[in-house]
Amino acid sequence: MKEWLTIKELSEKTGIPDPTIRRYIDKFGDFFTYKGGARSKRYEDVAVKILIRIKGLYGDGYETDGIDDILRREFAVTISDDNVTKDDNNTATLTLATGEDILEIKKSLEEQKEFNRQQQEFNKALIEKLNHQEAYIRESLQKRDTQFMEHIRNMQEERKALLESTAAVEETRTERKLSFFERLFGKNKN
């Protein structure tokens, strides 16, 4: 849970005098989230880290602009707007990404691009394989259909030949049959 601290409490936790804290907050206000009115302002507990970092950077000889750049890379920037609807604590804030967050986002985007590229290659290979399978299936079905039709034609030809031979045998039989009287008297009709 967030802890909200007064300037005096911030001074006690950081060892930085009250006037210096006020000056830091005035110069680097984008990094401090607060709630309450002018006399009762309380700052979010992350302000302790920010104040210590600012003091250290000034101690290392950095100028205000240089410190601002470093803070933007290390901490979230907070933009307050009094015209925005406020929450129960009368706080209206919008936290933006730090420089490190942006680098992480860029890295994630690069990873996503690489993943998308690999996915596209996989999809292309999959489509190619599916096209080969479809061609194989089409050829197999065409070959099967051709063999089936050839088999049916052979069966029809065999049936036709069988019918013709049966008809020829029947015809010969009919020609050979002599009537009773022809057989009795031995005469041919011809």
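Predicted, not measured: the structure shown is a model, and the values here were computed from it.

**Student:** Any chance you could explain the packing of helix H1 (residues 7-14) against helix H3 (residues 47-59) here in plain terms?
**Tutor:** The description of two packed helices rests on the angle between their axes and on the distance between the axes. Across the interface, H1 lies against H3 with an axial gap of 10 Å and an inter-helix angle of 60°. Classified by the angle their axes make, H1 and H3 are oblique. Like other packed secondary-structure pairs, H1 and H3 cross with a definite hand, here right-handed. Residues Leu10, Lys13 and Thr14 of H1 form the contact with H3, whose own contacting residues are Ala47, Val48, Leu51 and Ile52. Its residues assigned to classes, the contact of H1 with H3 shows five nonpolar, one polar and one charged.

**Student:** Teacher, can you tell me more about the packing of aromatic side chains here?
**Tutor:** Each aromatic ring pair is characterised by the separation of its centres together with the angle its planes make. On inspection of all chains with the given rule, the structure shows four aromatic pairs. Aromatic pair Tyr34 and Tyr43: ring centres 6.1 Å apart, planes at 55°, arrangement tilted. Look at Tyr34 and you get partly exposed, because its relative accessible area is 26%. Three or more aromatic residues joined by ring pairs make a cluster, and in this case those are Tyr24, Phe28 and Tyr58. Across the ring face of Tyr34, the terminal group of Lys41 is positioned such that the distance to the ring centre comes to 4.4 Å.

**Student:** Sorry, what's going on with the nonpolar core here?
**Tutor:** Ranked by size, the top nonpolar core spans 22 residues in total, and within it Leu10, Phe31, Phe32 and Ile54 carry the most contacts. Counting residues per element, the ones that place at least two in this core are H1, helix H2 (18-27), H3 and helix H4 (64-74). Residue contributions to this core peak at six residues, all from H3.

Cut-offs used in this document
Residues numbered from 1 in each chain as written. Predicted model: local features only at pLDDT ≥ 70, side-chain atom pairs only at ≥ 80, totals over all residues. Heavy atoms only, no water. Axes fitted to C-alpha atoms, helices over the stretch in contact; angles between N-to-C directions. Helix = DSSP H or I, 4+ residues; strand = E, 2+ residues; numbered from the N terminus. Parallel < 35°, antiparallel > 145°, perpendicular 65-115°, else oblique. Left-handed = near helix turned anticlockwise from the far one by under 90°. Contact = heavy atoms within 4.5 Å. Nonpolar A, V, L, I, M, F, W, Y, C, P; charged D, E, K, R; others polar. Phe/Tyr/Trp six-rings, centres within 6.5 Å; stacked < 30°, edge-to-face > 60°. Buried < 20%, exposed > 50% of the residue type's maximum accessible area, 1.4 Å probe, protein only. Lys NZ or Arg CZ within 6 Å of the ring centre and 35° of its normal. Core = buried A, V, L, I, M, F, W, Y, C linked by side-chain atoms within 4.5 Å.

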